[in-house]
Amino acid sequence: MSASLTVTRIGHACQLIEIGGIRVLTDPWFTQTPTYYQGEPVAATVGSLGRVDALVVTHEHYDHCDLDALVDGGFDLDTPLLGPGTVAAIARDKGFRDVRVIEAWESATVGDLTVTATPGEHGVHEVTFVIQAGGRTVFFGGDSLRVPELDTIPERFGHVDLAILPTNGLCIRPMDLRQVVMDAEEAAGLTAALKPTLAVPHHYAFHSGRLGDRMITKGDQDPRHYADAVARLAPDVDVRLVLPGTVVTVP
């Protein structure tokens, strides 16, 4: 019998995934700067998280790797941190003591938890993750573009119970509107390939402030565009649009 599986979106791409008694925190972001706005309430403080068994970080961008907030908030620096080498270097510098480097298709275990890095593509080096324990499989997409190799995940890992995907199609204005994150249609296409039991979009409320939105970034802040696209491309997949702090149970 498979373990219970829940996910709580803390905000942006920061998720608390619980598989049985195992608690995994993804891409932490708890603070803001003049050009990085959450765009939604943050559902927890670092101090209120409780025990975390593993921390997984896709890449070093501040809104996914807010390690200073964890340190300042009293996070246990003995917690295993898993991510690519670019993240590992930062984590060790911040004082994390159990840092495990995994690149695409490499795995690491933390007790009964297995985390496999899968390919990603972004403005900097990024991986995505397949997170497994207790007969459950979760795909965590960080804020990657759609990478063709991700379509092979069901062949490699079996049925995906939960897919967490970015949807805002973020573009960088000073780089001729270069796209660096999958958009709603691309995320829906990946959802159709993954065939998860449940899909949860994230990474859409973020913005760069009134001036930054006009001069730095452009993105789609409406997750309903993803839900509509999934309804067309993968009508058998259940999509949940989740407010921060809401606990979602995966069947």
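Above this text is the structure in question.
Residues numbered from 1 in each chain as written. Predicted model: local features only at pLDDT ≥ 70, side-chain atom pairs only at ≥ 80, totals over all residues. Heavy atoms only, no water.

A cluster of nonpolar side chains, Leu211, Met215 and Ile216, forms an exposed patch at the surface whose accessible area comes to about 280 Å². Among the structural elements, Leu211 can be located in helix α5 (residues 209-215). (Patch = residues over 30% accessible without salt bridge, like charges linked within 9 Å, V, L, I, M, F, W, Y side chains within 5 Å. Areas by Shrake-Rupley, 256 points an atom, 1.4 Å probe, with all protein chains shown as cover. Salt bridge = Lys/Arg side-chain N within 4 Å of Asp/Glu carboxyl O. Helix = DSSP H or I, 4+ residues; strand = E, 2+ residues; numbered from the N terminus.)

This brings us to the sheet that holds strand β13 (residues 178-179). Taken in spatial order, the three strands line up as β13-β12-β15 in an open sheet, and their pairing is antiparallel. Each end of this open sheet is capped by a strand with a single partner; those strands are β13 and β15 (217-218). Where strand β12 (residues 171-172) meets β15, two bridges bridge the pair, whose relative direction is antiparallel. Across the sheet, the residue bridging to Cys171 is Lys218, located in β15. (Pairing = 2+ DSSP bridges.)

Interaxial distance between helix α4 (residues 184-194) and helix α6 (residues 224-233) falls to 8 Å at its minimum, and their mutual angle equals 40°. The pairing of α4 with α6 is recorded here as oblique in orientation. Every pair of crossing elements has a handedness; the one defined by α4 and α6 is right-handed. On the side of α4, the interface is formed by Ala184, Glu185, Ala187, Ala188, Gly189, Thr191 and Ala192, while α6 contributes His225, Tyr226, Ala229, Val230, Arg232 and Leu233. (Axes fitted to C-alpha atoms, helices over the stretch in contact; angles between N-to-C directions. Parallel < 35°, antiparallel > 145°, perpendicular 65-115°, else oblique. Left-handed = near helix turned anticlockwise from the far one by under 90°. Contact = heavy atoms within 4.5 Å.)

Within strand β14 (residues 198-202), five of the five residues are buried, which leaves it mostly tucked inside the rest of the structure. Burial along β14 is two-sided: the face carrying Leu198, Val200 and His202 and the face carrying Ala199 and Pro201 are both buried. Relative to β14, strand β11 (residues 162-166) runs parallel, the two sharing five bridges. When the sheet's bridge partners are listed, Ala163 is paired in β14 with Ala199. Taken together, the two bridges between β14 and strand β16 (residues 238-239) define a ladder with parallel strand orientation. Bridged to Ala199 within β16 is Val239. (Buried < 20%, exposed > 50% of the residue type's maximum accessible area, 1.4 Å probe, protein only.)

With respect to the helices and strands, the residue His122 is situated in the loop between β8 (113-119) and β9 (127-133). Within the structure, His122 has its side chain in polar contact with the side chain of His61 (distance 3.2 Å). In this structure, His122 is in contact with His59, His61, Asp143, Arg178, Val180 and Val181, ignoring residues within four places of it in sequence. (Polar contact = N/O pair within 3.5 Å; in protein donor to acceptor, adjacent residues only side chain to side chain.)

Evaluation of the coordinates by the stated rule reveals seven aromatic pairs. When the centroid spacing of 6.4 Å and the interplanar angle of 85° are considered together, the rings of Trp29 and Tyr36 count as edge-to-face. Three or more aromatic residues link up through ring pairs in this structure, and these residues are Trp29, Tyr36, Tyr62 and Phe206. Over the face of the ring belonging to Trp105 we find Arg156, whose NZ or CZ atom lies 3.6 Å from the ring centre. (Phe/Tyr/Trp six-rings, centres within 6.5 Å; stacked < 30°, edge-to-face > 60°. Lys NZ or Arg CZ within 6 Å of the ring centre and 35° of its normal.)

Taken in spatial order, the seven strands line up as β6-β5-β4-β3-β2-β1-β17 in an open sheet, and their pairing is mixed. Either end of the sheet is taken by a strand with one partner, and the two such strands are β6 (99-101) and β17 (247-249). Ignoring which end each strand starts from, the neighbouring axes of this sheet average 20° apart. Across four bridges, the pairing between strand β2 (residues 14-19) and strand β3 (residues 22-26) is antiparallel. By the bridge assignment for β3, Glu18 is matched with Arg23. Of the strands in this sheet, β5 (81-83) and β6 are in contact with helix α2 (residues 85-94), which crosses β6 at around 165°.

Moving on, we come to the pattern of salt bridges. Pairs can form between side chains of opposite charge whenever their charged atoms are close. Applying the stated rule across the entire model yields ten salt bridges. A salt bridge links Arg9 to Glu40, with the shortest nitrogen-to-oxygen separation between them at 2.7 Å. Here Arg9, found in strand β1 (residues 5-11), pairs with Glu40, found in the loop between β3 and β4 (54-56); they are 31 residues apart in sequence, far enough to count as distant. Grouping residues by exposure puts Arg9 and Glu40 together as buried. Among the salt bridges present, the one from Asp161 reaches Arg136, with a minimum N-O distance of 3.3 Å. With Asp161 in the loop between α3 (153-157) and β11 and Arg136 in strand β10 (residues 136-140), the pair connects residues that are 25 residues apart, well separated along the chain. Both residues of the pair, Asp161 and Arg136, belong to the buried class.

Purely geometric stuff here, so don't read any function into it on its own.
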